[in-house]
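Report on the structure
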Amino acid sequence: MSVQIEFMNRFLSSKNNYTIAILWTIVIIMVGLLYVGMTKELVTLLPIVILGLVIAMILWTLLDTRYVIKQHFLLYRSGPFRGRIDIQKIKKIKYFSGLYVPVTMKPALDTKGFIITYNNIEDVYVSPVHREIFLTELLKINPGIEVAK
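Note on numbering: residues in each chain are counted from 1, in written sequence order. The predicted nature of this model means local features are confined to residues of pLDDT at least 70 and side-chain atom pairs, given and counted, to a pLDDT of 80 or more, with totals for whole chains, interfaces and linings taken over all residues. The side-chain values count all of the structure's non-hydrogen atoms but skip hydrogen atoms and water molecules.

**Observations concerning helix α3 (residues 131–141)**
Buried, partly exposed and exposed residues are distinguished by accessible area as a fraction of the type maximum, computed with a 1.4 Å probe on protein chains only: under 20%, between the cut-offs, and over 50%, respectively. Secondary structure elements are defined from DSSP: runs of H or I of at least 4 residues count as helices, runs of E of at least 2 residues count as strands, and each element is numbered from the N terminus. Buried residues of α3: F134, L135, E137, L138 and I141, and no others. Viewed along the axis of α3, the buried residues span an arc of 160°, placing them on a single side of the element. What the arc measures is the spread of directions leading from the helix axis to the C-beta atoms.

Structural data, given as structure tokens:
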């Protein structure tokens, strides 16, 4: 009987103070609106449910944004948004810093991180707390990844 050891590393997203402050402010304002709407009974059930779901999504994203390297896959999740990238198909990793990130998928809570290009045309932006360790672990699995500053 052979035992297979599973290779797995977990990395939380780094957090930009401004991003976190803005998201928490939005949550507090929405909770206040929800409270006023429920106590004054001026609002129908539908807006209350929608506001509650938006609050839940923001909190879920704030509290559960992470990256996992498992075998030869990079798994990412940010609240309800999840994905999986075959590390062997990663072509390029570029350091990025700035407010406007030129990619569609951004499971990250910081303005400093990596743009990962895989399958030649797909991109994802991630912001692991321990960037250098994260990069080293990816390069152990796929040493052919081009790293750009």
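There is more to say, and it comes next.
**Considerations on the pattern of salt bridges**
Where charged atoms from two side chains of opposite charge approach closely, those side chains can pair. Salt bridge, as used here: a side-chain nitrogen of Lys or Arg that lies within 4 Å of a carboxyl oxygen of Asp or Glu. Scanning the model with the defined rule gives four salt bridges in all. In this structure, the salt-bridge partner of D64 is R77, at a minimum N-O distance of 3.0 Å. Highlighted residues: D64 in the loop between α2 (45–63) and β2 (65–70) and R77 in strand β3 (residues 73–78), separated in sequence by 13 residues. Given the relative accessible area of 27%, R77 is considered partly exposed. Residue R131 is joined to D110 by a salt bridge in which the shortest nitrogen-to-oxygen separation is 3.2 Å. Here R131, found in helix α3, pairs with D110, found in the loop between β5 (90–97) and β6 (112–118); they are 21 residues apart in sequence, far enough to count as distant. Accessibility expressed as a relative area gives 22% for R131, which makes it partly exposed. Linked through salt bridges whose partners overlap, the residues forming this network are D64, R66 and R77.

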